[in-house]
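# A closer look at the structure
So the chains spell out like this:
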Amino acid sequence: MGKDVMEVSPFASAWCFDPGKPRFRDYPTLLEDDEEIPALEASLEEIGEYQRRLWANRKRALLVVVHGPDTSGKDSLIRTLATYADPAGFHAWSFSRPQGAEVRHDFLWRVTPYLPGLGEMVAFNRSHHEAVIAERVWPVHAPESYNWDNRYQSIRNFERHLVQEGTTILKVWQNLSEDEHRRRLLKRLDKPRKRWKFDKSDIDGWARRADYGAFAEQAVAATHTREAPWFVVPGDRKPQARAIVAAMLAEQLKQLAPDYPAEDESVLEEYRQLLARNGVS
């Protein structure tokens, strides 16, 4: 049903993770010239149109996975991508630290119910990949019980299975410089509507940001595959990041559902006759 390898356009290939460059510092966090990036509004309109075609056809599914450090703009990116999306076929889910039943099951269990069905586009704000990033910094099980190589393999197998069953997976890491990360955290203190986001754990998170970044680099390298590649997008300027991701998403939707399904002329004729019998012409 699905394709085994994602078709990556020349535009998207510029942001595709390169196994020969495993460190995020090897990728830009800001573009000085963004003239080659398609206009955001045009991409959003295409997302809206082709997401409706995806929903109408009900043959393929699309999962957008968004990761990045705290303040990298994951929420606002997903809100932007959904600007013209039809809510009948679009959903967004956020995953934080595993709790309760999530801890008692295998680490992939908690995301499975939220995967897109055929015809749907779903966005994950963080995802099953946190099980090989955040849990390495803040474990939910005894540290000695983890086998990270097994988890990497499980993720690769899981995503390969989804792709083979018809789900395209677009995985994005928003690459934020440390200076911009610090600036955004300080900016939150100045905005009352954002202060609620601060938690005591943020203090530990900032102190251990180097560990989190290193584990994220390892996770991206270990789970980057031809079926479900990672894209490392410059994140220091939010409008720029949104435009890049929106353009890539529009490209994928066009591939999945280039047209609406063919109409059934017999059904249309029956409908015309029904309207005519009821005085509608």
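These figures come from a predicted structure and were not determined experimentally.

### Digging into the overall build of the protein chain
- When helices and strands are counted, the protein chain shows 11 helices and five strands.
- Taken over the C-alpha trace, the protein chain has a radius of gyration of 21 Å; the compact-globule value for 281 residues is 19 Å, and the two agree within 12%.
- Counting only residues that meet the buried cut, the protein chain has 46% of its 281 residues in that class.
- For the protein chain, the proportion of contacts with a sequence separation of at least 24, taken over those separated by at least 6, is 83%.
- Of the roughly 14,600 Å² of accessible surface on the protein chain, a fraction of 51% belongs to carbon and sulfur atoms.

### Quick word on the sheet that holds strand β2 (residues 90-94)
- Here we have five strands laid out as an open sheet, ordered β2-β3-β1-β4-β5, and parallel in their pairing. Unpaired on one side and paired on the other, β2 and β5 (230-234) mark the two borders of the sheet. Taken pair by pair, the neighbouring strands of this sheet meet at an average axis angle of 20 degrees, ignoring direction.
- Bridging between β2 and strand β3 (residues 121-125) involves five bridges; their strand directions are parallel. In the sheet register, A92 faces β3, and the bridge partner there is A123.
- Its contacts with the sheet put helix α10 (residues 238-256) on β1 (61-67), β3, β4 (167-175) and β5, and the angle it makes with β5 is roughly 145 degrees.

### A look at the environment of P229
- Checked against the element boundaries, P229 lands in the loop between α9 (209-223) and β5.
- P229 gets classed as buried once you look at its relative accessible area, which sits at 4%.
- Distance from P229 to F17, taken between C-alpha atoms, is 7.2 Å for residues 212 residues apart in sequence.

Here is what the cut-offs are and how they apply
Residues numbered from 1 in each chain as written. Predicted model: local features only at pLDDT ≥ 70, side-chain atom pairs only at ≥ 80, totals over all residues. Heavy atoms only, no water. Helix = DSSP H or I, 4+ residues; strand = E, 2+ residues; numbered from the N terminus. Rg over C-alpha atoms; globule rule 2.2 N^0.38 Å. Buried < 20%, exposed > 50% of the residue type's maximum accessible area, 1.4 Å probe, protein only. Contact = heavy atoms within 4.5 Å. Areas by Shrake-Rupley, 256 points an atom, 1.4 Å probe, with all protein chains shown as cover. Pairing = 2+ DSSP bridges. Axes fitted to C-alpha atoms, helices over the stretch in contact; angles between N-to-C directions.

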